[in-house]
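The lines below spell out each chain.
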Amino acid sequence: MFQDNPLLAQLKQQIQENLPKKEGQIKSTEKGFGFLEIDSKNSVFIPPPYMKKCLHGDKVMAIIRTENEREVAEPQELLEPSLTRFIGRIKIHKGKINVAPDHPQLKKLPLRAKTRKGINPQEMQEGDWVVATLIGHPLKGDTGFLVEITQKITDAEDKIAPWWVTLAENDLPNCEPPGVEHWSLNDDSALQRIDLTHVPFVTIDGKSTKDMDDALYAIQRQDGGFDVTIAIADPTAYITANDSMDNVARERGFTIYLPGRNIPMLPRELADNLCSLIENETRPALCCTLTVDKDGVINSESIRFFAAYIRSQARLIYDEVSDWLETGESQWQPSSEIAQVVQDLYAFSQARAQWRETHAVVFPERPDYRFELSEDNDVIAIHADKRRSANRLVEEAMITANICAGKILQSSFSTGVFNTHAGFKNDKITDVIALIKEHGAEFDEASLTSLEGFSALRRWLANQPTAYLDNRLRKWQTYSEIGNQPLPHFAMGLDIYATWTSPIRKYGDMVNHRLLKAHILGTDPEQWPDEQLGEELAMHRKHHKIAERNVADWLYTRTLAEEPSKQTRFTAEIFDINRAGMRVRLLENGASAFIPATLIIDNKERIICHSEQGVLAIDNQPTYRLGDTLEVVLTEVNQDNRSIVAKPTQTFAELATLADNTDVESV
């Protein structure tokens, strides 16, 4: 009798208006209640009845009141929903379609759903993967939650679901772009291509590579130096700036590389055939020739770019070339001419690698983890591919070529598509100086903000006995960027770097090709790189990396599902420490796992996770640090959440005994 009383409603509204309000984010629990996270230190309890109006992750404005002598929050206004467009799975309840979001905190909360016009609800089966949009929310005045299914991705049991779902989640294409019926060369008529089909260029790639975009040639001179020519596939010979195919390439940004498959930026007819530098096939190429002295120094005056026709005279495989270089024994037996080219290229790469180790920055050696799949998309094996002699040969050639492009674009146009890195974050310089001084390194602000000083620090870190300092300092570095200003790349220790060596796979490299052709012709480019391009490419790269990681996590949980029961022991490296525990990478296969603090020692009062210091301490004794390796077993592999939980095989008591018998550096 009171619920429709206008006087009571008015009184309730007046009371609510006088209560304090707080803005925060909803954190739900499996027991039906939740918390309003106001900041990192303050939260307010939300009773189950109020949680029915919101979802985990919603940003809300809530009334704070006292109920039963406890402060509680009642969400009143939706500021930002946690769900907009999302991925979910079909749940059929009493004949009605619901969608359970593919999120650990939301999986058990199916939302009432309808299908967009043109999608047949009868085709939806339990467990099917769909794209949905949240269109109804109680805090917006709606009667309840309601979502609209906008796309069916794939069936429940489809083994290709990891790829299709991840691509849909990141709004990425799942196939190559459509081509045209006839491709024709659209070169500027003034661009005279030199005939280099007689030069014994070689390509060195993986066994399955089809889009071969670089061919190499070198001669070692009597004085120990090298004459080097690097030829790069030329898709801009077929694609004109701002035409329909160019726009498609820009929208994609890069070829998408996922475990077991890739989604090309360009049609395969171009990427794998007409532009690919196939053995014994004449192809248009953009070339750079230069001289390098015996100490690996590039003669800047010798750098010359030109257009050419080339014909690769040997299609070589990384492992076979590496075997031949490292042992002299290989399935591959080259002709004397090709053998000499490979030997001279290898000597050139060693000279350049030595120069970079002395004057720039060389990244630490880490394996590339590769999934081997069956025809049914099951994981057969996970390979840890180490970078070998042939891989390093090609890498040094590509880095050299990109340095040359950067120098030419800077001097000719003062713009291009540059890869840059600004070093340490400005607000972390003081912390960096304090930390490295504790460990005996003397650097000041002036040196650390210079390319030379930053590079010297990175080289010093590379010679430290453990990776602890390196891991800590990396958290204080900026991210690498893509932009149109010729700025240094601190992380590589280079004053300029502009990639042009993968135009089949990177749109920015296509833009640099057009600039380099304008340099060759002495004209204005047909395309100038605008400021927005760098932001677009950075966003594409970010989404691609997320997609690659998500598919890998899915495949790892599929592959390792039985390991907890087997108690298989793995060697793991700590790459993150947070307040809840540690994240580690299994060195045998590259999978990442979480070690909760509760699985390290059961008394939480004895353990402290110092995330800023990168240390986990037990009884105030530093026990684990960033970069440490330890032996672990898996305790849980959750395929629904694509997560892996592990624990150390050694107890704290065993570690303490080991520490007592070992000279351990304290933190």
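Residues numbered from 1 in each chain as written. Predicted model: local features only at pLDDT ≥ 70, side-chain atom pairs only at ≥ 80, totals over all residues. Heavy atoms only, no water.

## Considering the overall build of the chain
The test is simple: Only DSSP runs of H or I with at least four residues qualify as helices, and only runs of E with at least two residues qualify as strands; both kinds are numbered from the N terminus onward. Computation of the radius of gyration draws on C-alpha atoms, with the globule rule given as 2.2 Å multiplied by the number of residues to the power 0.38. Partly exposed residues are those whose accessible area sits between 20% and 50% of the maximum for their type, while under 20% is buried and over 50% is exposed, using a 1.4 Å probe and protein chains only. Contact criterion: two residues are considered in contact whenever any of their non-hydrogen atoms come within 4.5 Å of each other. Under the convention used here, a 1.4 Å probe and the Shrake-Rupley method define accessible areas, while residue burial counts only the protein chains that appear.
The helix and strand inventory of the chain stands at 16 helices and 31 strands. Relative to the globule expectation of 26 Å for 667 residues, the C-alpha radius of gyration of the chain, 29 Å, shows essentially globular dimensions. Each of the three principal axes of the chain carries a C-alpha extent, and together these read 100 × 70 × 50 Å. Of all 667 residues assigned to the chain, the portion counted as buried reaches 48%. Long-range pairs, those at least 24 residues apart, make up 67% of the contacts in the chain with a sequence separation of at least 6. For the chain, the accessible surface area stands at approximately 33500 Å², while carbon and sulfur atoms represent 46% of it.

## A closer look at unusual backbone geometry
Positioned with a positive phi, Lys94 is a non-glycine residue whose angle comes to about 55 degrees. Tracing the sequence through the fold places Lys94 in the loop between strand E6 (85–93) and strand E7 (96–101). Residue classification places Lys94 among the exposed positions, given a relative accessible area of 74%. One non-glycine residue with positive phi stands out, namely Gln567, at about 55 degrees. Residue placement: Gln567 occurs in the loop between helix H15 (563–566) and strand E24 (569–578). The class of Gln567 is partly exposed, set by a relative accessible area of 43%.

## Observations regarding the sheet that holds strand E18 (residues 304–311)
To keep things clear, this is the line we draw: Two strands form a pair only when DSSP identifies at least two bridges running between them. Axis lines are fitted through C-alpha atoms, for helices just across the contact stretch, and the angle between N-to-C directions can take any value from 0 to 180 degrees.
Taking strand neighbours across the sheet as the criterion, the 5 strands line up as E11-E18-E17-E14-E13 in an open arrangement whose pairing is mixed. Looking at the sheet topology across the chains shown, the edges are occupied by strand E11 (194–196) and strand E13 (214–220). Across the sheet, the axes of successive neighbouring strands diverge by a mean angle of 35 degrees, strand direction being ignored. The sheet contact formed by strand E17 (residues 282–292) and E18 spans 8 bridges and is antiparallel. Residue pairing in the sheet places Arg283 in a bridge with Ile310 of E18. Against the sheet, helix H8 (residues 389–413) touches E13, strand E14 (226–233), E17 and E18, its axis set at about 95 degrees to E13.

## Quick look at the sheet that holds strand E10 (residues 146–154)
With mixed pairing, 5 strands are arranged side by side around a closed barrel as E6-E7-E8-E10-E9. The average angle at which neighbouring strand axes cross in this sheet is 55 degrees, direction not considered. As paired strands, strand E8 (residues 111–115) and E10 are joined by 3 bridges and run parallel to one another. Counterpart to Ala113 in the pairing with E10 is Val147.

## Thoughts on the pattern of salt bridges
Threshold: Just to be clear on terms, a salt bridge is a Lys or Arg side-chain nitrogen sitting within 4 Å of an Asp or Glu carboxyl oxygen.
One pass over the full model with this rule turns up 41 salt bridges. We note a salt bridge from Lys59 to Glu80, for which the minimum N-O separation is 3.9 Å. Here the residue Lys59 occupies a position in strand E4 (residues 59–67), and Glu80 occupies one in strand E5 (residues 70–80), the gap between them amounting to 21 residues. When its relative accessible area of 37% is taken as the criterion, Lys59 is described as partly exposed. Overall, Glu80 belongs to the partly exposed group, its relative accessible area being 42%. For the salt bridge of Asp102 with Arg642, the shortest nitrogen-to-oxygen distance reads 2.5 Å. Residue Asp102 is found in the loop between E7 and E8, and its partner Arg642 is found in the loop between strand E30 (629–638) and strand E31 (643–648); the two are separated by 540 residues along the sequence. In this structure, Asp102 and Arg642 share a single accessibility class: buried. Counted as one network, the salt bridges with shared partners bring together Arg356, Glu365, Arg387, Arg392, Glu395 and Glu396.

## Describing helix H4 (residues 244–252)
Rules: Note: the arc covers the axis-to-C-beta directions of the helix. In the analysis that follows, any N or O atom pair within 3.5 Å is treated as a polar contact, provided that within protein one partner can donate a hydrogen and the other can accept it, and provided that, for residues neighboring in sequence, both atoms belong to side chains.
Those residues of H4 lying buried are Met245, Asp246, Ala249, Arg250 and Arg252. An end-on view of H4 places all buried positions within 165 degrees of arc, on one side of the element. In H4, the exposed positions that point more than 90 degrees away from the buried face belong to Ser244 and Glu251. Tucked into the core, H4 has its buried residues touching strand E16 (261–263), helix H13 (507–521) and helix H14 (531–559). Residue Asp243 occupies the N-cap position of H4, its side-chain oxygen lying 3.2 Å from the main-chain nitrogen of Met245. Of the residues one or two after H4, Gly253 is the one with positive phi, at around 85 degrees.

## Observations regarding the environment of Glu69
Turning to its location among the elements, Glu69 is positioned in the loop between E4 and E5. By relative accessible area, which is 81% here, Glu69 ends up exposed. Here the alpha-carbon distance between Glu69 and Arg642, two residues 573 residues apart in the chain, equals 40 Å.

## A closer look at the UniProt feature "domain: S1 motif" (unreviewed entry) in the chain
Threshold: UniProt positions are given in the numbering used here, feature names are shortened, and annotations may be inferred rather than shown by experiment.
The sites that carry the UniProt feature "domain: S1 motif" (unreviewed entry) are, in the present numbering, residues 567–649. Structurally, residues 567–649 comprises 0% helix and 60% strand, and the distance from its first C-alpha atom to its last is 10 Å.

## Considering the pairing of E6
Where E6 lies against strand E9 (residues 129–136), 5 bridges are found, and the strand directions are antiparallel. Counterpart to Arg85 in the pairing with E9 is Thr133. Bridge count between E6 and E7: 6 bridges; the pairing is antiparallel. The partner of Arg89 across the bridge, within E7, is Ala100. Taken together, E6 and the strand that follows it, E7, pair antiparallel across an intervening segment of 2 residues, in which Lys94 is found at a positive phi of about 55 degrees.

## Points about the confidence of the model for the chain
Just so we agree on the cut-off: As a per-residue quantity, pLDDT reports the predictor's confidence and falls between 0 and 100.
This prediction gives the chain a mean pLDDT of 93; 95% of its residues lie at or above 70. This model gives residues 661–667 a pLDDT under 50, and the stretch forms 7 contacts once residues within four places in sequence are excluded.

## What about the side chain of Asn512?
Here Asn512 shows up in helix H13. We classify Asn512 as buried; its relative accessible area is 0%. Once residues lying within four places of it in the same chain are set aside, the contact partners of Asn512 are Leu409, Gly416, Val417, Ala498, Thr499 and Trp500.

## Brief notes about the state of the cysteines
Condition: Note on terminology: disulfide denotes any pair of cysteine sulfur atoms within 2.5 Å.
For the structure shown, the criterion picks out 0 disulfides. With no disulfide partner, Cys287 has as its closest neighbouring cysteine sulfur the one in Cys288, 8.8 Å distant.

## A closer look at helix H9 (residues 429–438)
Buried residues of H9: Ile429, Val432, Ile433, Leu435 and Ile436, and no others. For H9, the secondary structure elements touched by its buried residues are helix H10 (445–448), helix H11 (451–462) and helix H12 (468–474). Backbone geometry just downstream of H9 places Gly440 in the positive-phi region, at approximately 90 degrees.

## What about the packing of helix H6 (residues 318–327) against H8?
The relative placement of two packed helices comes down to the angle between their axes together with the axis-to-axis distance. What counts is decided by this rule: To sort the angles, those under 35 degrees are grouped as roughly parallel, those over 145 as roughly antiparallel, those from 65 to 115 as roughly perpendicular, and the leftovers as oblique. Under the scheme applied here, ten amino acids are nonpolar (Ala, Val, Leu, Ile, Met, Phe, Trp, Tyr, Cys and Pro), four are charged (Asp, Glu, Lys and Arg), and all others, including Gly, are polar.
For the pair H6 and H8, the least separation of the axes is 7 Å and the interaxial angle reads 105 degrees. It follows that H6 is roughly perpendicular to H8 by the angle criterion. Residues Tyr318, Val321, Ser322, Leu325 and Glu326 of H6 lie in contact with H8, whose contacting residues are Ser389, Ala390, Asn391, Leu393 and Val394. A breakdown of the residues in the contact of H6 with H8 according to their chemical character gives 6 nonpolar, 3 polar and 1 charged.

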